Each structure stands twice: as structure tokens, then as C-alpha cells.
There are 2 protein chains.
Amino acid sequence: MALRKRLGHRQLLSASQCSSWRQMRGITYRIPQQFAEDMASTSLVLVREARRFVQECFSRVGMSMEKQRCITDLLLAADYRGVHGSGINHLDMYLSDIQNGYVDIKAEPKLIHNTLTTAHVDGNRAMGVFVANYCMDLAVEKARQTGIGFVVAKQSHHIGMAAWYAFRAVAKGFIGLVMSNAAPMMMQPGCRSSSLGANCLAFGATGNFSHLMLDMSTTVRDIGAIEWAFMNQEQIPRGWASDVNGMPTTFPNLALSAQQLYPIGGNKGFSLAAMIDVLCGVMSGANYATRIPRWCAPCQGRSPNLGLVMLVLDPCFFVPNFKERLDDFNRRIRNSCPRDEANPVKVPGDLEKQHMDYVDDLGALPYSNLLLAKCKLIANMLCVKPMQLAFTSCERHSSCVR
Amino acid sequence: MALRKRLGHRQLLSASQCSSWRQMRGITYRIPQQFAEDMASTSLVLVREARRFVQECFSRVGMSMEKQRCITDLLLAADYRGVHGSGINHLDMYLSDIQNGYVDIKAEPKLIHNTLTTAHVDGNRAMGVFVANYCMDLAVEKARQTGIGFVVAKQSHHIGMAAWYAFRAVAKGFIGLVMSNAAPMMMQPGCRSSSLGANCLAFGATGNFSHLMLDMSTTVRDIGAIEWAFMNQEQIPRGWASDVNGMPTTFPNLALSAQQLYPIGGNKGFSLAAMIDVLCGVMSGANYATRIPRWCAPCQGRSPNLGLVMLVLDPCFFVPNFKERLDDFNRRIRNSCPRDEANPVKVPGDLEKQHMDYVDDLGALPYSNLLLAKCKLIANMLCVKPMQLAFTSCERHSSCVR
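Residues numbered from 1 in each chain as written. Chains lettered and ligands numbered in written order. Predicted model: local features only at pLDDT ≥ 70, side-chain atom pairs only at ≥ 80, totals over all residues. Heavy atoms only, no water.

Regarding chain A, the UniProt comment filed under Sequence similarities (unreviewed entry) reads as follows: "Belongs to the LDH2/MDH2 oxidoreductase family." (UniProt positions renumbered as here; feature names shortened; annotations may be inferred.)

Here you go:
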């Protein structure tokens, strides 16, 4: 029986976000890491157990119940979609930043400047998810009244899976665009040092029967994919990252110590990242480019002061039949001829959809044993009961269920 | 003596656009085609002669003087920046579309819907440059009043070099973002037919001493680069385009007949193109995806009905010292370590800047002899005096001047 039928979405998300959660079942796009490739190295955890563990961890560092729920929703939704780099994998870094005082868990974002269509927000060093939720809800309200909402924030933190916020707009029938800058980890071709972050962009829109959601960083692959290869003692493809001398490398250890990832499409991807940084960092009053401390440094003793931009549009201000047109647009992409007939055309988001179906079939979230070992260390440090496994491996689960 | 000193910019641009022209001398980015690689195959044409030729061609098809100037400014500015794919190279296609009635040279764009911050424009099948200029000026005016201007247009045509319109916002101290969709020429990885256009994006912002301008299509290279390789009987790199079966090809003739270009960064670039198409096509009421007739088909007997989006922001609404911050941002990118000390870091736009300096040093615009032969054919067809060369080749010119 599918997880969503047995547990319902309320197990994974708070009631207020159920509609946004259902939106996720539509057409979305982000290349998930090859998380469950080696089934023997993957174990299953029930959603309520994962939620219990994450909330207890945040509770130990003094976070209020409401905020615990909010950030747990984000992390588990990322794992459900298969965007594991933005899921529980981030738990240790968030906890570390809280303990080091780089984020203030009691802070609330506040308005600096507000008009009918635009707003400038001071994130007040709150967790990124709270700043981004606040900004997106503000932008949605403006779009409801004027057709457009544009909100810029400074003094934010890492926002995690950017699609999460775009879904908040999409759930209301709007178009949502989310951008955020990040610590320098992207190297311009021909250089041997990183000058920009793997700045991310998410864009979502909904039709009557289908959705479109892109959620991407501007690097070929994110640092999580290289960490994953390192943990699995695998080599990485030549085009992902360089060593400290700016030479392409296939060794994940060299790539991790250099933190110099290649942008998509060479200079084009670098320029896209620059555009995002100008909007999110330069224009918002936040840090930008090499002014942002490296996240794993850790934070070089100071708050990262990241920036973000939310643009929400009401498409019905322009065309009344936007939803029908979007469904037709998605259909046209699906109808293009596949090179291999046995492998039908994948619409942006099909991989996440496949992962969500996979989780539903498993009846639990699949986590790598390496990640679970990291979670056990966190549990020991914080004196939290470790995450209990539902089954010891996917294979055992498969034989039980099917 | 530099061209800009001898002729001044008024020779190339109308007086009203001089400020925007000077903006172009700043930091801009677009990979120019390797136009002048083979100096022997390149001849020089004085700017006033190129302007005379282009204006006479448009005059022959009945265009008013003011509109001739407007479109000639765009084409020559593209050639000055080295974006030859959007320069005089487009002349035959524009003339052909006018003669076939796919665009209406007497039409003017009109407002469908107008608010303080947004507008929906019907391009009325006018030339893309007129629609895009109109929309950008409208967006700039809105941004001046409210901090943001967002204009969407349908029934437009090919807009040429997108940076041209972003410069109109940048010249007023604003941030300009331009997007436009295009005929399907981009193939999703794993497919064997094109479903989206090489949809373009330009973004510009200005500091006190430096600028940032990106202008890119979402394909690895545009179709012009493949035409160029074909004319020069050269092979193309494997990652640019596929043949009709969706297999990567190095033969430009196979690539040109298939018109299936690869997006930058695989699925990420495809998703970016989808985002642009949703905003420009689906949301504007224009054509989108495979609803757009192929340009070279020619137009399959109907108007292309392309869409465009202009977003203008007043950065001073958010930070008062935006210009100083942008200069610092550019400086930080420039300060990253080059892999080869003899080859300093190129900031986005350096290639265009180099090309503009090159043109200034030459004292004339360099055109390939193949392109000049195409122009001669146009001249014969329209009974216009062919473009007269300033010198027979760059080499001869070099020996005269230096």
C-alpha cells in the first residue's frame, strides 16, 4: 500500500502545507542523486520516525515546536523528492550553524521597505527557511492584489530546496520564481579559484492537470554529489570540478578540498550565477561573490548574510486560459520523439515523480547507511534517540511487501 | 585613430541611443563567433556605408525612415559587439519575412492591459525590434515610478540581440532583464526532435565604473555558429547539435538539416528554456514550443507570433549604494586567480569589449567575404547599390594604418 494512502501527507507535512505538498506530485524537475543505486547500502526509515528524530535534534538546540515542524517539513520533502543533497543530509550543518551562533533561531524576519508590489526584507539572521517562507508569502499576497509581487531579502541563511518556496506560489495558482546566492564554490572557466556560489534558481507554474517545476543550481553538479562519490570511494566525471590548481579532476577528495565546481555551459552558466548574485546579493544589501564566507569553513566566524529574491506572478492578469495553455505546453514537450522508443521522453520533473512513487511503494524513506551513520553521530552528540530503521534494507523490505 | 574618435557614435546610432551605446563599452558578455579568425577572408566596410546599405534595403521594402534607422542601429550594434549572428547576417531573413507578410512594417504595438507596474502588449505583428523597444521603454517608465516594471508582449517577431534592450534600461541606471522565445531548435537530451527554441536571456546592470551584461541563448551554440562552420567547410564539435536521428554529429550540413541543438548543461539548460517559454509564450498569449513555426521553413505560411518579457528594476529602491556594490562585485570576479598568469581572468563581456576595441582600431566593421557575397545577392535582388569595401582585407588595412 502506498505511503501516501497509509499515512497521509499530514505525517510528512503540516496541515497548512498539504496543498503545496500535493502540488509536488506534478511535473517538477531536479536531477536527484543516484541515492538508491546500491540497494544493499540503503535502509528504510518511516516518515514519522524521521520526523521525530529531526524535530528532537532541533528541539535540543532550543528551537520552538512551530519552527521545528517548519524546517522538518522542508528537509523531509527534499528527501521524498529525491533531492537528498537538500534533505536530512543538511541537518549537521544547520545544527552546527545554530550552535556557532551564525543563525539566530529566535529571530523573525522584518520589513525594511514595503510597497504594493515590492518589499525589502531583513532576514535578521533567522534560518533561511523562515526568511524564505515569509518572503514568498509576502510576494504571493502582493501578486494576488496587483498581479506581481517582488520581494528581496538580506541577512538570510541557506534556504535548502528552492522548489519548496516556488510550490507555495504554485499551490495558489501563481507562477513562482525563487533565487538565492551561496558561498563561492563555482569557478569561472580558465580560473583556479572560486568567485561565485552555485547560486540556485527554482521556477514553478501549474496547469489544470500538470505542473512545471525546475529547481537547479548553476553548477554541473552540486557539492553533495561529490561528497556522495567520496563516501562511496568512486571517481567523479571530469567535467564536474577542478583541483586547487584549476585542473579538472576525477578524484572527489581533491575536488572537495578545492571546492571549485564547473558552471553549466561554461561561461553561460557562470554569467547566470552572476545574474542571480547581482539580484540576491548586490541589490539586496546581502553579501555576494567572495564576500560570502565559505559555509564549511565554518562561516569564518561570521554570519553568511545571504540574499534571496522571490518573484510571483498571477498569469491570469495576462491570459485567462493560462492553465490550459500550460497543460498543452507540457503535452508538446512530452510528445517529442524519444531516441529510444523503449525509453519515453522525460518531462522536467519526471525523475522526482519517479522518486516519490518509489518512496510510496517502499512505504518509507530510503536513506543511505552512510547518511544514517552520520545521523547516529548527531544523535549521540545531542543525546537524542537515534533514528530507528523500519527495515534493515530495501531488499528485505521488497520481499516483505511484494 | 579609433573609429569612435573619428566618426563619433552618432554615425552608428541615432542621437537618442548614444547613451545606451556608450553603456556598451562597459562589461558585457556574449561569446562572439570566431568571425575574424581568418583575416584573409574578412573585408572592411565603413560604418556609414554599412548603414547606407542596410537602410536602402529596408527602404526598398517600404519601411519608413525612422524605422529603418531603428533596425539598422540594432544590426550594426550587434556587428560592432561581435555578435555577428544577430547582425547584418539577419538582414535576408528579416527582408524575407517582410516580403512574405509574416511581419507588418507599418504596424505599431498597442497596449492590451496596463497597470502601474505591469503591462500586456499586443505587438500587432510589428518587427521585433519595435515591439521590444516599446516594451522596454514602458517597463523603464514603470520602474521609474514604482521601482519595478514588468511588461509582457505577444504577436512579436525575432528581436535580435537581446542585450540591446537591456542596455536601454541600464542607460537609465536600472537593471534590465529581457527574455524572448523562438522557433523550436533545441532538443531535450534523449530525444530526436526539437521541442523548444534556443530561447534567449539578457541581463544588464551598471555600476559607477563598470557594467555587467549577459546575453545568451540556452543552447551550447546558436544556429549561426553552425552555418558559419558549414560555409567554411569545417566540422563542428560533438556537443553542439545532433542529426535527424538524435545522434550527436560533427557535420554541419547534417546539423543544419536537423535543426536540433543541444541545450547548455543538458536538462538544466532545457528547463531554463522551458521557463523562458512559459513566461514569454504561454503567459503572454503568444505561440510557444512546437506551436511556433520554424523560421527558415519559411514560417509555414503564418506569422511566428513570438512572445517577450521585460523586467526592469530600480536597484536604488533596495540599496542606495548599488553602483558601488556592483563595481565591487565586478572587481571581485576580476580578482580571481587565472590558471595561466599570462591569460588574465576574463570578466563577462570582455570578449565583446575586445571586439569593439578591434573595430575601433580597424576604423571599420570587419565582415566575412561570405557574408558580403550574401549581401551582394540581396543588393542585386532589391536593386540596391552593393556595400562598398573600405579596404580589400584586414591585412591590407593593417599595413596602411599601423
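Moving on from the coordinates now.
Caption draft 1: Up close: the sheet that holds strand β2 (residues 110–114) of chain A. Residue and element names in this part refer to chain A. Sheet architecture is open: seven strands sit in the order β2-β3-β4-β13-β5-β8-β9, paired in mixed fashion. Edge positions in the sheet fall to β2 and β9 (211–217), since each has one partner strand and no second. Across this sheet, the average inter-strand angle for adjacent strands is 15°, counted without regard to direction. With seven bridges connecting them, strand β4 (residues 148–156) and strand β13 (residues 306–313) associate as antiparallel partners. When the bridges of β13 are listed, G149 appears paired with V312. (Pairing = 2+ DSSP bridges. Helix = DSSP H or I, 4+ residues; strand = E, 2+ residues; numbered from the N terminus. Axes fitted to C-alpha atoms, helices over the stretch in contact; angles between N-to-C directions.)

Caption draft 2: Layout of unusual backbone geometry. A positive phi is found at R125 of chain A, a non-glycine position, where the angle reads about 65°. Structurally, the position occupied by R125 of chain A is in the loop between β3 (118–122) and α6 (128–146). In this model, N305 of chain B sits at a positive phi of 45°, which is unusual for a non-glycine residue. Tracing the sequence through the fold places N305 of chain B in the loop between α10 (267–282) and β12 (306–313).

Caption draft 3: Representation of the pairing of strand β6 (residues 184–187) of chain A within the structure. All names here are of chain A. In this structure, β6 lies alongside strand β7 (residues 194–197), joined through three bridges in antiparallel fashion. Within the sheet, the bridge partner assigned to P184 lies in β7 and is G197. Two successive antiparallel strands, β6 and β7, enclose a turn made up of six residues, where G190 displays a positive phi of approximately 95°.

Caption draft 4: Main features of the side chain of Q55 of chain B. Residues and elements named next belong to chain B. For Q55, the position within the fold is in helix α3 (residues 47–60). Look at Q55 and you get buried, because its relative accessible area is 12%. Not counting residues up to four positions away in its chain, the partners in contact with Q55 are M65, Q68, R69 and T72. (Buried < 20%, exposed > 50% of the residue type's maximum accessible area, 1.4 Å probe, protein only. Contact = heavy atoms within 4.5 Å.)

Caption draft 5: The arrangement of the interface of chain B and chain A in detail. Tallying the contact residues gives 76 residues for chain B and 76 residues for chain A. Across the chain B to chain A interface the summed buried area is about 6500 Å²; carbon plus sulfur atoms make up 69%. Together, K268, F318 and R339 of chain B form the three largest contributors to the area buried by chain B at its contact with chain A, with a combined 13%. Across the contact surface, chain B and chain A share zero salt bridges. For the interface between chain B and chain A, the tally reads 23 residue pairs in polar contact (both at pLDDT 80 or more). With 12 residues, the top contributor of residues to the side of chain B that touches chain A is α10 of chain B. Looking at the side of chain B that touches chain A residue by residue, the classes come out as 45 nonpolar, 21 polar and 10 charged. (Buried area = accessible area lost by both parts, 1.4 Å probe. Salt bridge = Lys/Arg side-chain N within 4 Å of Asp/Glu carboxyl O. Polar contact = N/O pair within 3.5 Å; in protein donor to acceptor, adjacent residues only side chain to side chain. Nonpolar A, V, L, I, M, F, W, Y, C, P; charged D, E, K, R; others polar.)

Caption draft 6: Summary view of the packing of aromatic side chains. Enumeration over the complete set of coordinates arrives at four aromatic pairs over all chains. Here F329 of chain A and Y288 of chain B contribute two aromatic rings whose centre-to-centre distance is 6.0 Å and whose plane-to-plane angle is 65°, an arrangement assigned as edge-to-face. With F329 of chain A in helix α11 (residues 322–334) and Y288 of chain B in the loop between α10 and β12, this residue pair bridges two chains. Residue class for F329 of chain A comes out buried when judged on its relative accessible area of 0%. Residue classification places Y288 of chain B among the buried residues on the basis of a relative accessible area of 0%. The ring centre of F130 of chain A lies 5.2 Å from the NZ or CZ of K67 of chain A, which sits over that ring. (Phe/Tyr/Trp six-rings, centres within 6.5 Å; stacked < 30°, edge-to-face > 60°. Lys NZ or Arg CZ within 6 Å of the ring centre and 35° of its normal.)

Caption draft 7: Local environment of the relation of the copies chain B and chain A. Relative to chain A, chain B is turned by 180° and slid 0.0 Å along the rotation axis, the superposed coordinates differing by an RMSD of 0.0 Å. What we have between these two chains is a two-fold relation. Residue G265 of chain B of chain B places its C-alpha closer to the rotation axis than any other residue of that unit, at 2.6 Å. A symmetric contact is evident, with 100% of the interface residues of chain B recurring at the interface of chain A. (Least-squares fit on C-alpha atoms with pLDDT ≥ 70 in both.)

Caption draft 8: Geometry of the pattern of salt bridges. All names here are of chain B. Counted according to the given criterion, the structure contains 18 salt bridges over all chains. The partner of E49 in a salt bridge is R52, with the nearest N and O atoms 2.4 Å apart. Pair noted here: E49 and R52 are both in helix α3, with a separation of three residues, about one helical turn. The pair E49 / R52 is uniform in exposure class, with both members buried.

Caption draft 9: Examining the environment of I333 of chain B more closely. Tracing the backbone through its elements, the reader meets I333 of chain B in helix α11 (residues 322–334). With a relative accessible area of 0%, I333 of chain B lands in the buried category. For the pair I333 of chain B and V131 of chain B, spaced 202 residues apart in the sequence, the C-alpha separation amounts to 35 Å. Residues in contact with I333 of chain B, not counting those within four places in the same chain, are Q188, S195, L196 and F270 of chain A together with V345, V347 and P348 of chain B.

Caption draft 10: Structural context of the packing of helix α5 (residues 91–99) of chain B against helix α13 (residues 369–382) of chain B. Residues and elements named next belong to chain B. Direction vectors running N to C along α5 and α13 enclose 30°, while the axes themselves pass 10 Å from each other. The pairing of α5 with α13 is recorded here as roughly parallel in orientation. Between α5, through L91, D92, L95 and Q99, and α13, the contact on the second element is made entirely by K374, I378 and L382. Considering only residue class, the contact of α5 with α13 consists of four nonpolar, one polar and two charged. (Parallel < 35°, antiparallel > 145°, perpendicular 65-115°, else oblique.)

Caption draft 11: Geometry of the pairing of strand β8 (residues 200–206) of chain B. All names here are of chain B. Of all seven residues making up β8, seven are buried, and the element is well covered by its neighbours. With burial as the criterion, each face of β8 is covered, one bearing C200, A202, G204 and T206 and the other bearing L201, F203 and A205. Note that strand β5 (residues 175–180) and β8 share five bridges and pair antiparallel. Residue pairing across strands places M179 opposite L201, the latter belonging to β8. Relative to strand β9 (residues 211–217), β8 runs antiparallel, the two sharing seven bridges. Within the sheet, the bridge partner assigned to L201 lies in β9 and is M216. The loop that links β8 with its antiparallel partner β9 comprises four residues.

Caption draft 12: The nonpolar core, seen in detail. Counting 76 residues, the largest nonpolar core has M275 and F329 of chain A together with M275 and F329 of chain B as its most contacted members. What M275 of chain B contacts, discounting residues up to four positions off in sequence, is L177, L201, F203 and L214 of chain A together with M179 of chain B. (Core = buried A, V, L, I, M, F, W, Y, C linked by side-chain atoms within 4.5 Å.)

Caption draft 13: How the structure looks around a nonpolar patch on the surface. A contiguous nonpolar patch, built from F230, M231 and L370 of chain A and spanning about 250 Å² of accessible area, is present on the exposed surface. With respect to the helices and strands, the residue L370 of chain A is situated in helix α13 (residues 369–382). (Patch = residues over 30% accessible without salt bridge, like charges linked within 9 Å, V, L, I, M, F, W, Y side chains within 5 Å. Areas by Shrake-Rupley, 256 points an atom, 1.4 Å probe, with all protein chains shown as cover.)

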